[in-house]
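Breakdown of the fold
In case you want the letters, here they are:
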Amino acid sequence: MRHIISVLLENEAGALSRVAGLFSARGYNIESLTVAPTEDKSMSRMTIVTRGSNDVVEQITKQLNKLIEVVKVVDLSEAAHIERELMLIKVRAGAKEREDMKRMADIFRGRVIDVSDNTYTIELTGDGHKLDAFIEAIDPALIVETVRTGTSGIGRGNRVLKA
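Details of the overall build of the protein
- On a plain count of helices and strands, the protein comes out with four helices and nine strands.
- Overall, the protein shows an N-to-C arrangement of helices and strands of β-α-β-β-α-β-β-α-β-β-α-β-β.
- For the protein, buried positions account for 39% of its 163 residues.
- For the protein, the exposed surface amounts to about 9400 Å²; the carbon and sulfur share of it is 50%.
- Seen as two clouds, the 23 positive and the 24 negative side-chain charges of the protein have centres 3 Å apart.

Comments concerning the packing of helix α1 (residues 15-25) against helix α2 (residues 54-66)
- Here α1 crosses α2 at 145°, and the two axes come no closer than 11 Å. Seen from above, α1 lies across α2 with right-handed handedness. Counted together, Val19, Leu22 and Phe23 of α1 and Ile60, Gln63 and Leu64 of α2 form the full contact between these two elements.
- Its residues placed into classes, the contact of α1 with α2 shows five nonpolar, one polar and no charged.

Comments concerning the pattern of salt bridges
- Enumeration according to the criterion identifies 11 salt bridges in this entry.
- Between Arg18 and Glu69 there is a salt bridge whose closest N-O contact spans 2.5 Å. With Arg18 in helix α1 and Glu69 in the loop between α2 and β4 (70-75), the pair connects residues that are 51 residues apart, well separated along the chain.
- Judged by its relative accessible area of 37%, Arg18 falls in the partly exposed class.
- Residue Glu85 is joined to Arg148 by a salt bridge in which the shortest nitrogen-to-oxygen separation is 2.7 Å. Within this pair, whereas Glu85 is found in strand β5 (residues 81-92), its partner Arg148 is found in strand β8 (residues 143-148), the two being separated by 63 residues in sequence.
- Each of Glu85, Asp132 and Arg148 takes part in salt bridges that share partners, so that together they form one network.

Things to note about the layout of surface pockets
- As a volume, the largest pocket reaches approximately 310 Å³.
- If you trace the largest pocket, you find 19 residues lining it, with Leu8, Thr38, Glu39, Arg45 and Leu161 closest to the centre.
- Looking at the lining of the largest pocket, the elements that each hand over two or more residues are β2 (32-37), β3 (43-51) and β9 (152-155).
- When residues in the lining of the largest pocket are grouped by element, the largest group, four residues, is from β2.
- Its residues assigned to classes, the lining of the largest pocket comprises nine nonpolar, five polar and five charged.

Thoughts on α2
- End to end, α2 covers 19 Å across 13 residues, agreeing with the expected 18 Å (1.5 Å per residue, within 8%).
- Packed against the buried residues of α2 are β1 (2-10), α1, β3 and β4.

Observations concerning the environment of Val49
- Turning to its location among the elements, Val49 is positioned in strand β3.
- Expressed as a C-alpha distance, the spacing of Val49 and Arg159, which sit 110 residues apart in the sequence, is 19 Å.
- Contact partners of Val49, with chain neighbours within four places excluded, come to Arg2, His3, Ile4, Asn29, Ile30, Glu31, Ser32 and Thr151.

Re the pairing of β2
- Taken together, the six bridges between β2 and β3 define a ladder with antiparallel strand orientation. The residue bridging Ala36 from the neighbouring strand is Arg45, located in β3.
- Connecting the antiparallel pair β2 and β3 is a turn made up of five residues.

Criteria and cut-off values
Residues numbered from 1 in each chain as written. Predicted model: local features only at pLDDT ≥ 70, side-chain atom pairs only at ≥ 80, totals over all residues. Heavy atoms only, no water. Helix = DSSP H or I, 4+ residues; strand = E, 2+ residues; numbered from the N terminus. Buried < 20%, exposed > 50% of the residue type's maximum accessible area, 1.4 Å probe, protein only. Areas by Shrake-Rupley, 256 points an atom, 1.4 Å probe, with all protein chains shown as cover. Lys, Arg positive; Asp, Glu negative; His and termini not counted. Charge placed at Lys NZ, Arg CZ, Asp CG, Glu CD. Axes fitted to C-alpha atoms, helices over the stretch in contact; angles between N-to-C directions. Left-handed = near helix turned anticlockwise from the far one by under 90°. Contact = heavy atoms within 4.5 Å. Nonpolar A, V, L, I, M, F, W, Y, C, P; charged D, E, K, R; others polar. Salt bridge = Lys/Arg side-chain N within 4 Å of Asp/Glu carboxyl O. 1 Å grid on protein atoms, 1.4 Å probe; cavity = no way out; pocket = protein on both sides within 12 Å on 5 of 7 lines; lining within 4 Å. Points joined across faces, edges and corners; volume = space filled by probe spheres on them. Expected span 1.5 Å × (residues − 1). Pairing = 2+ DSSP bridges.

Below, the structure written as structure tokens:
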């Protein structure tokens, strides 16, 4: 089962390394990892996507809570949450492809953020399924380069991750 684990931790050198090391030392895979400072510059929020049984994720959570820098850990998958990912995709867009690429970007509520003589760079946000659907909807031969951020998530309603 897919789990989105949100970790609030002190913004210190080596903290990310210790969290990633915890996963690798126990043979757990990280599918995606995002981390950035919060509104409190002394704290960072890390979002980890992993797969495993509820027992495995419970073990991960217990191990994360033992790390000195970790302030709080929440499995967002346990309740209602919102998740988003950002993708920048550079596609071939010569004279004959330009209109189709612009139309596809519009259909998926993306936007063209860079134009060159023969490429468009399109920005898309949404859940992973939406971004995957965009990639599947266009001709693979037209894809020049793809960059994805990984999942960021937040609990819905009054559910918050604060110190």
